[in-house]
Amino acid sequence: MEGWAIALIVIGGFIALVYYIIPFLVIVWAKGVYRTIVQNPKTNCDIDAFVNTERNPVSYVKVVMAHKLQLGSRVPSTDPIPLETHDSSHVPGLLVSRKAGTSTGPSYKNVASMDEVLSSSSKGDKPPIVVATIRMGFGHHRIAYSACSWALKAGHPTIFHDLLSIESPESALIKNTDDLYSKFSRYASEMGGIVEKIWGSMMLSGDADALRVASLTAAHLQPLLTSYPKDTCIITTHQLCALTAAAAGFTNVCNLVVDNFPQWFLTVPKTLNLVQGPVNYQVFMEMGIPQEQLGWAGHWCPADLVTNIPTDCARRIERRQQGKPLRLLIPVGGAGAQRKFIVHFVEALAPLVKQGKVQLFLNAGDHGHMKTAFLQVLDESGLEFDSVTTTQGVYDFQKKLLDGKNEPTKAVTLFNFDEYFPAVATTDILARVADVLSCKPSELAFYCLPKLHIRRVGDHEADSAKRASECGDGTLEAREVPDAMKYVDLFLSQSDFLVEMNQAIIRNNEIGIYSGCKRAVELVVANKTNENFTASEQLLISIV
């Protein structure tokens, strides 16, 4: 045989090996591994049946490789982690869960075993509610505290259960993921350009395979929940919590779906997936989520904000009609991103502050780098400011401004904290006395006050700004500082703009748009007590 013919055969064989044989063998290997890991550990969460493999076939190599990268050859535990509770030092009446034996020291009040708490609670006519969450940024915790506020308002024993706070190898798995999320959120926001574009597209890639990967991780997290009885009323504000509950076989779980961009990744089988608006509801139905596992509840807002909507909106309308300074509340997200944008925004606002037209409430949260950035820009802009560093100080500040005759001592107030809770709570507390909340279109896009939406962190947030603008209570996203300043100029020059936003909030409240957490509490309790109504009868609301 001629040499060239031999060479062609060799080359052809090599091509066949690389492009056909090796991929075929890899797929066969991945299929075998997938069949093993979906039942190791044992799980009640059948993702393939939920997403329908005919419409959403498994990408075996993608799922297996992602699982291996995240968990490696980790051997799962099946032993429940014993739990205890203590009184929250921040929210009266709220119980906080911990691993048994770790609530030591004078800061932990009324420590009791979980068995004691549940046994005592079962004697009353109000079943206990567990609000399960994970701190990944501020959003999931903020929604969890909103749910807790409605559960406490309704008189239910309420347990705040953060999977990250239960000291264990399982919580360490979650922490590693959270650290990566926060780091890349900051990088994307600071660097912009192609990095931001890549990160944004990743936030839109929550397909059925992403849900499969998350469910495989959640199966390893079951010990974080299995100390609770399986019929416990559970409201989750992170889909990983709901996936963990589904894997463990819990029977009464409401999963509060975040954002306004529908993705498989946000939904969970054997769970009532509650959404905030009609887009998610309709698209999830079209995707094939069973009707009995889907409900449309309304926005996730805290009880104090919702119950005071008429009073707070009336005060804002009066301020605009009297031409008083525009109060802008500018918080930093939990991942600590947006530093560059917010600093330039404060620089641009400085002349209006000096003219007495704008007041700034700057919440640096517990981010030291944002406190430093705020201090620098305020110094360079020649703006005097007051500082508030305690939760009580925030409440005192709010109490003063709830009287419409009062104004802050200085035009700029900087809020910064060493602890995590006040970093989250401050935005909720100040929302009642702010004229406009200036935030990225995250969970705050659904809040019941006028909003100026600034540059997003992740493309999944874009649709939340659209939801707010269509509800009439927020602007479209201002991607650049000059765009944000145009809206500020409109707020100042067109007083009807903010008046109409507040009027829209009042109308929205009358039809229950902001009562999503209230409905979640009602529904999870109704399921526990076997009240006879359907999810659609309880949850669907009319939107104008």
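You'll find the structure just up there.
Procedures and definitions
- Residues numbered from 1 in each chain as written.
- Predicted model: local features only at pLDDT ≥ 70, side-chain atom pairs only at ≥ 80, totals over all residues.
- Heavy atoms only, no water.
- Buried < 20%, exposed > 50% of the residue type's maximum accessible area, 1.4 Å probe, protein only.
- Helix = DSSP H or I, 4+ residues; strand = E, 2+ residues; numbered from the N terminus.
- 1 Å grid on protein atoms, 1.4 Å probe; cavity = no way out; pocket = protein on both sides within 12 Å on 5 of 7 lines; lining within 4 Å.
- Points joined across faces, edges and corners; volume = space filled by probe spheres on them.
- Nonpolar A, V, L, I, M, F, W, Y, C, P; charged D, E, K, R; others polar.
- Contact = heavy atoms within 4.5 Å.
- Axes fitted to C-alpha atoms, helices over the stretch in contact; angles between N-to-C directions.
- Parallel < 35°, antiparallel > 145°, perpendicular 65-115°, else oblique.
- Phe/Tyr/Trp six-rings, centres within 6.5 Å; stacked < 30°, edge-to-face > 60°.
- Lys NZ or Arg CZ within 6 Å of the ring centre and 35° of its normal.
- Polar contact = N/O pair within 3.5 Å; in protein donor to acceptor, adjacent residues only side chain to side chain.
- Pairing = 2+ DSSP bridges.
- Patch = residues over 30% accessible without salt bridge, like charges linked within 9 Å, V, L, I, M, F, W, Y side chains within 5 Å.
- Areas by Shrake-Rupley, 256 points an atom, 1.4 Å probe, with all protein chains shown as cover.
- Salt bridge = Lys/Arg side-chain N within 4 Å of Asp/Glu carboxyl O.

(A) Up close: helix α9 (residues 239-248). In terms of burial, α9 is a largely internal element, 10 of the 10 residues being buried. Buried residues of α9: Gln 239, Leu 240, Cys 241, Ala 242, Leu 243, Thr 244, Ala 245, Ala 246, Ala 247 and Ala 248, and no others. Positive phi appears at Gly 249, one or two residues downstream of α9, with a value of about 90°.

(B) The arrangement of the layout of surface pockets in detail. Estimates place the volume of the second largest pocket at around 630 Å³. Taken together, 23 residues line the second largest pocket, and the ones lying closest to its centre are Val 96, His 141, Tyr 145, Ser 165 and Tyr 420. Breaking the lining of the second largest pocket down by element, the ones donating at least two residues are β2 (95-99), α5 (139-153), β5 (158-162), α6 (169-191) and α16 (420-431). Looking at the lining of the second largest pocket residue by residue, the class counts come to eight nonpolar, eight polar and seven charged.

(C) Seen up close, the side chain of Asn 260. When you line up the elements, Asn 260 lands in the loop between β7 (253-256) and β8 (272-275). On the accessibility criterion, Asn 260 (5% relative accessible area) is buried. If near-sequence neighbours (up to four positions away) are discounted, Asn 260 is found in contact with Val 279, Asn 280, Phe 446, Asp 463, Ser 464 and Arg 467.

(D) Focus on empty space enclosed by the protein. Enumeration according to the criterion identifies one cavity of 30 Å³ or more in this entry. Here the largest cavity defines a volume of roughly 30 Å³. The wall of the largest cavity is formed by Asp 312, Arg 315, Arg 316, Arg 319, Arg 327, Arg 432, Val 433, Ala 434 and Asp 435. Tallying contributions element by element places helix α12 (residues 309-321) first for the lining of the largest cavity, with four residues.

(E) Broad picture of the packing of helix α18 (residues 481-493) against helix α19 (residues 495-510). Interhelical geometry of α18 versus α19 gives an angle of 90° and a closest axis separation of 4 Å. If you check the angle between α18 and α19, you find them roughly perpendicular. Where α18 approaches α19, its residues Tyr 487, Leu 490, Phe 491 and Ser 493 are matched on the opposing element by Ser 495, Phe 497, Leu 498 and Met 501. For the contact of α18 with α19, the residue count by class is six nonpolar, two polar and no charged.

(F) Structural detail: the environment of Gly 101. Mapping Gly 101 onto the fold places it in the loop between β2 and β3 (112-113). Between the C-alpha atom of Gly 101 and that of Glu 84, which follows or precedes it by 17 residues, the distance is 7.6 Å.

(G) Just the packing of aromatic side chains, in detail. A full pass over the atoms with the stated rule returns 10 aromatic pairs. For the pair Tyr 281 and Trp 296, a centre-to-centre distance of 5.9 Å together with 35° between the ring planes defines the contact as tilted. Of this pair, Tyr 281 sits in helix α10 (residues 278-287) while Trp 296 is found in strand β9 (residues 294-296), placing the two residues 15 residues apart along the sequence. The burial state of Tyr 281 is the same as that of Trp 296; both residues are buried. Here the aromatic residues Tyr 145, Phe 160 and Phe 421 are joined through ring pairs into a cluster of three or more. For the cation-ring pair, Lys 230 lies above Phe 250, with the distance from its terminal atom to the ring centre recorded as 5.5 Å.

(H) Fine view of the side chain of His 453. Within the element layout of this structure, His 453 appears in strand β15 (residues 451-453). Here the side chain of His 453 touches Thr 475 through a polar contact of 2.8 Å, landing on its backbone oxygen. Each residue touching His 453, except ones within four places of it in the same chain, is listed here: Cys 439, Lys 440, Pro 441, Ala 445, Ala 465, Ala 468, Gly 474, Thr 475, Leu 476, Glu 477 and Ala 478.

(I) Molecular detail of the sheet that holds strand β12 (residues 386-388). Here six strands make up an open sheet; going across it, the order is β12-β13-β11-β10-β14-β15 and the pairing parallel. Two strands close off the open sheet at either side, each with one partner strand: β12 and β15. Adjacent strand axes in the sheet meet at a mean angle of 20°, parallel and antiparallel pairs treated alike. Sheet topology note: the β12/strand β13 (residues 412-416) ladder contains three bridges and is parallel. Across the sheet, Asp 386 pairs through a bridge with Thr 413, a residue of β13.

(J) Quick look at a nonpolar patch on the surface. Among the surface-exposed residues, Val 26, Trp 29 and Met 65 lie close enough to one another that they form a single nonpolar patch of about 260 Å² accessible area. Along the chain, Val 26 falls in helix α1 (residues 3-37).

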